[in-house]
Each structure stands twice: as structure tokens, then as C-alpha cells.
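Fold and geometry: a report
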Amino acid sequence: AVIRHPAGFGGTHITQQYLMTEIQSLYQQVILDHNKNPRNFGEIDHATCSAAGHNPLCGDQINIYLTLDGDVISDIRFNGSGCAIAKSSGSIMTSILKGKTIDEAEALFGKFHHLVTADMDEEFDADDYGKLAVFAGVREFPARVKCASLAWHTLKSALEGGQIVTTE
Ligand code: ZN
């Protein structure tokens, strides 16, 4: 499969193995940065909706808080504790979704879900995924898919009325 990356590789097709190593080290830095300095970390007082999510396989616990202005997500925050992938996913997800409509958020969830569960051989164009592309490598690690997806499942639950969700 050919994997294309938008920046830094000059548009040349390099062998997959070499590129994956590069992407992994690049994306690892992004993930570690979001883990260390999570964006939108905290609670919203008087949130329009919220939900708690739990991934018992890894021990990740995430709470999502949303303020809706009509169908626009005017504010979104998260807190909790978890591994670097769960936490960075919450950080990146909240950064992406602020200002988006609920429909757009649901479409992005579909996109994210596809990204982390697609067949390994499927071509992947990082341009299509923006900030979400950092999670492309997660599909190699099935147990980690649940860590990366937890924030999104919890978001969906919050939008649907705030049940406690578990990835099991
Ligand atoms: Zn985890």
C-alpha cells in the first residue's frame, strides 16, 4: 500500500516501512505533547450535556462536557485519567470539535472510527484526516483502538443524553 503524507516528505513515495517509521516518530511526538499539555482539560460548570466513559481494558476514564449553542458546540472540555493515547485523543478531539455542529462532530467520529479500524492495507491520505491522522498507527494495535476511541464514544453518549459508557 502507498501511504502519502502531506508535508515533510516532498510528495515522494518512499517505501512503506521507512515512511511508517517516520510517521510513528512524528505522530508519537504529537501524541506525547497532547498527553503532557492536554488542550481543553477541565470541567464546564453548567454544561449543556456531559458523559463519563470507561475503558476497563486499559483503565482509562474520561469525562466529556459540552456547551451547545443551538446545534453548535461552543465549548467542549474533558478530564479524567488514562494512558497517553486516551488523553491525547481527548485533547485532539476537543480541539477539533470546538465551533463545529453536532452533525459535523458525528461525521468526524465516523471518519475517526474508520481511520482506527480500517484494514492495514487500505491506502491512507493524511490530508483527508487533518489532526486525526496522528491516530492512523493505532490500527496496528487493536487493544489501543479502545483507548483512542474512548473520548469519541463518550462524546456520542453525551450528545445522546449522557449515559455512562464503557468500551466493553
Ligand atoms: Zn488506554
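Above this text you will find the structure in question.
Residues numbered from 1 in each chain as written. Predicted model: local features only at pLDDT ≥ 70, side-chain atom pairs only at ≥ 80, totals over all residues. Heavy atoms only, no water.

On the surface, a cluster of negative charge is contributed by D69, D71, D103, E104 and E106. Looking at the negative patch, the element that brings in the most residues is helix α3 (residues 102–117), giving three residues. On the secondary structure map, E104 appears in helix α3. Under the relative-accessibility criterion, E104 is labelled partly exposed at 38%. (Patch = residues over 30% accessible without salt bridge, like charges linked within 9 Å, V, L, I, M, F, W, Y side chains within 5 Å. Areas by Shrake-Rupley, 256 points an atom, 1.4 Å probe, with all protein chains shown as cover. Salt bridge = Lys/Arg side-chain N within 4 Å of Asp/Glu carboxyl O. Lys, Arg positive; Asp, Glu negative; His and termini not counted. Charge placed at Lys NZ, Arg CZ, Asp CG, Glu CD. Helix = DSSP H or I, 4+ residues; strand = E, 2+ residues; numbered from the N terminus. Buried < 20%, exposed > 50% of the residue type's maximum accessible area, 1.4 Å probe, protein only.)

A few words now on the packing of aromatic side chains. The description of two aromatic rings rests on the distance between their centres and on the angle between their planes. Within this structure, the stated rule accounts for four aromatic pairs. Summarising the aromatic geometry, the rings of F41 and F78 are spaced 5.2 Å apart at their centres and angled 90° between planes, so their arrangement reads as edge-to-face. With F41 in the loop between α1 (16–36) and β2 (49–55) and F78 in strand β4 (residues 72–81), the pair connects residues that are 37 residues apart, well separated along the chain. Taking the relative accessible area as the measure of exposure, F41 reaches 33% and is therefore partly exposed. A relative accessible area of 1% places F78 in the buried class. Aromatic pair F112 and W152: ring centres 5.2 Å apart, planes at 20°, arrangement stacked. Highlighted residues: F112 in helix α3 and W152 in helix α5 (residues 142–159), separated in sequence by 40 residues. (Phe/Tyr/Trp six-rings, centres within 6.5 Å; stacked < 30°, edge-to-face > 60°.)

What follows is about the packing of α3 against α5. Between α3 and α5, whose axes approach to 11 Å, the crossing angle comes to 160°. Between α3 and α5, the angle is such that the two are roughly antiparallel. As α3 runs across α5, the sense of the crossing is left-handed. Facing α3, whose interface residues are I102, A105, L108, F109, F112, V116 and T117, α5 presents V145, A148, S149, W152, H153, K156 and L159. Partitioned by chemical class, the residues of the contact of α3 with α5 number 10 nonpolar, three polar and one charged. (Axes fitted to C-alpha atoms, helices over the stretch in contact; angles between N-to-C directions. Parallel < 35°, antiparallel > 145°, perpendicular 65-115°, else oblique. Left-handed = near helix turned anticlockwise from the far one by under 90°. Contact = heavy atoms within 4.5 Å. Nonpolar A, V, L, I, M, F, W, Y, C, P; charged D, E, K, R; others polar.)

Right, let's get into the environment of G137. Take G137: it is sitting in the loop between α4 (126–129) and α5. A C-alpha to C-alpha distance of 9.3 Å links G137 and M120, two positions 17 residues apart in sequence.

Residue pairs spaced three or four apart in an α-helix point in one direction, given the helix's 3.6 residues per turn. With 14 residues, helix α2 (residues 84–97) extends 20 Å from end C-alpha to end C-alpha; this agrees with the ideal 20 Å at 1.5 Å per step. Counted residue by residue, α2 has 11 buried out of 14 residues, so it is predominantly covered. For α2, the full list of buried residues reads I85, A86, S88, S89, G90, S91, I92, M93, T94, I96 and L97. Downstream of α2 by a residue or two, G99 has a phi angle that is positive, lying close to 90°. (Expected span 1.5 Å × (residues − 1).)

This part is about the packing of α2 against α5. For any two helices packed against each other, the geometry is given by the interaxial angle and the distance between the axes. The geometry of α2 relative to α5 is characterised by a closest axis approach of 8 Å and an angle of 40° between their N-to-C directions. Here α2 lies oblique to α5, going by the angle between them. Seen from above, α2 lies across α5 with right-handed handedness. In this structure, α2 uses I85, A86, S89, G90, M93 and L97 to contact α5, whose residues at the interface are R144, C147, A148, A151, W152 and L155. Among the residues making up the contact of α2 with α5, the classes are represented as nine nonpolar, two polar and one charged.

What follows deals with the pairing of β4. As paired elements, strand β3 (residues 60–69) and β4 share nine bridges and run antiparallel to each other. The partner of Y65 across the bridge, within β4, is R77. Linkage of β3 to β4, two consecutive antiparallel strands, is achieved through a turn of two residues, within which G70 is found at a positive phi near 65°. (Pairing = 2+ DSSP bridges.)

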